[in-house]
Amino acid sequence: MLLEILSWLAIVLTIGFFASGILACKRIIVSGDVGDVQFLPFVTTLMNCLLWTIYGYLKDDSTIIIVNFVGALLQVVYILCFLYFSRERGNNLAFLFYSAIASASLFMYLSFVIVESNTRLSHMGKICIVVTIMMQASPLATVARVIRTKSTESMQFTFSFLITLCSFVWLCYGTVIYDINVQLPNLSGVLLGFSQLSLFCIYSSTPGSKVPVTIA
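Residues numbered from 1 in each chain as written. Predicted model: local features only at pLDDT ≥ 70, side-chain atom pairs only at ≥ 80, totals over all residues. Heavy atoms only, no water.

A.B. asks: Tell me about the overall build of the chain, and please be specific about residues and values.
C.D. replies: A tally of regular secondary structure across the chain gives nine helices and zero strands. In sequence order, the chain lays out its α and β elements as α-α-α-α-α-α-α-α-α. Rg of the C-alpha trace for the chain: 19 Å, near the compact-globule value of 17 Å for 216 residues, within the 12% margin. In terms of principal-axis extent, the alpha carbons of the chain reach across some 60 × 50 × 30 Å. For the chain, the proportion of its 216 residues judged to be buried stands at 39%. A separation of at least 24 residues holds for 74% of the contacts in the chain among residues at least 6 apart in sequence. (Helix = DSSP H or I, 4+ residues; strand = E, 2+ residues; numbered from the N terminus. Rg over C-alpha atoms; globule rule 2.2 N^0.38 Å. Buried < 20%, exposed > 50% of the residue type's maximum accessible area, 1.4 Å probe, protein only. Contact = heavy atoms within 4.5 Å.)

Put into structure tokens, the structure is as follows:
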């Protein structure tokens, strides 16, 4: 029963989180230009979703497969939208091509070099952990900027809250199914999420000011 609840929570919350890219695409379509929207997050999220989809397939875990397959499809839509309106389409296509080559090489290595299924699953899990934690490290630059400017103006509370909530649910899910490969990156995500949320308690959205603390 608990596993089913966590499974549905993970599916709904994570797909909802992935769907947030629709807002960026809407902004691109309305303005007719990509503006300050970055291409890299779409590509890295796509690669991450594909890796976890393969891991879910190797582990025969439908929850992991569904979430990341849908996430991958959404990222493809976002990438196509970005490329259509991008003025640097050539550079972006080149980056996408190199990312595809790297992914294909990894897939061939796991498919043809590693034959034993448990070893293949173990290798895939370690790769997913490393890639996911590397992706989580990207907001650290924003965290450093918040501390430097003493303002959370450059951070979005909803985004930080969703990261924390999704990571917590997946951490619980990984604990229930006894999967360290799911637990580790989401424990990292929870810690990072709480560190971001704590900044909203310390700093205001106005540069140079702090949130007043009231002692009852």
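A.B. asks: Can you lay out the UniProt feature "transmembrane region" (unreviewed entry) in the chain for me, pointing to particular residues and giving the numbers?
C.D. replies: Summarizing the sequence annotation, UniProt attributes the feature "transmembrane region" (unreviewed entry) to residues 6-25, 37-58, 64-86, 93-115, 127-147 and 159-178 in the numbering used throughout. The span residues 6-25 shows a helical share of 90% and a strand share of 0%, and its end C-alpha atoms are spaced 30 Å apart. Secondary structure content for residues 93-115 is 91% helix and 0% strand, while the C-alpha to C-alpha distance between its ends is 33 Å. (UniProt positions renumbered as here; feature names shortened; annotations may be inferred.)

A.B. asks: Break down the nonpolar core for me, with residues and values.
C.D. replies: In this structure, Phe42, Tyr55, Ile79, Phe82 and Trp170 are the most contacted members of the largest nonpolar core, which totals 39 residues. Counting only elements with at least two residues in this core, the list comes to α1 (2-18), α2 (21-31), α3 (40-59), α4 (62-85), α6 (117-136) and α8 (157-176). If sequence neighbours within four positions are ignored, Phe42 has contacts with Ala24, Val37, Gln75, Tyr78, Ile79 and Phe82. Val143, Val146, Phe200 and Tyr203 belong to the second largest nonpolar core, which has six residues in total. (Core = buried A, V, L, I, M, F, W, Y, C linked by side-chain atoms within 4.5 Å.)

A.B. asks: Before we move on, can you summarise α1 with the specific residues and values?
C.D. replies: The terminal C-alpha atoms of α1, which comprises 17 residues, lie 24 Å apart, in line with the 24 Å expected from a rise of 1.5 Å per residue. Packing partners of the buried residues in α1 comprise α2, α3, α4 and α8. (Expected span 1.5 Å × (residues − 1).)

A.B. asks: Go over the packing of aromatic side chains, please, and point to the residues and values.
C.D. replies: For the coordinates displayed, the defined rule picks out 10 aromatic pairs. Ring geometry for Phe39 versus Phe82: centroids 5.0 Å apart, planes at 35 degrees, classification tilted. In this pair, Phe39 is assigned in the loop between α2 and α3 and Phe82 in helix α4, connecting sequence segments 43 residues apart. Of the two residues, Phe39 and Phe82, both sit in the buried class. (Phe/Tyr/Trp six-rings, centres within 6.5 Å; stacked < 30°, edge-to-face > 60°.)

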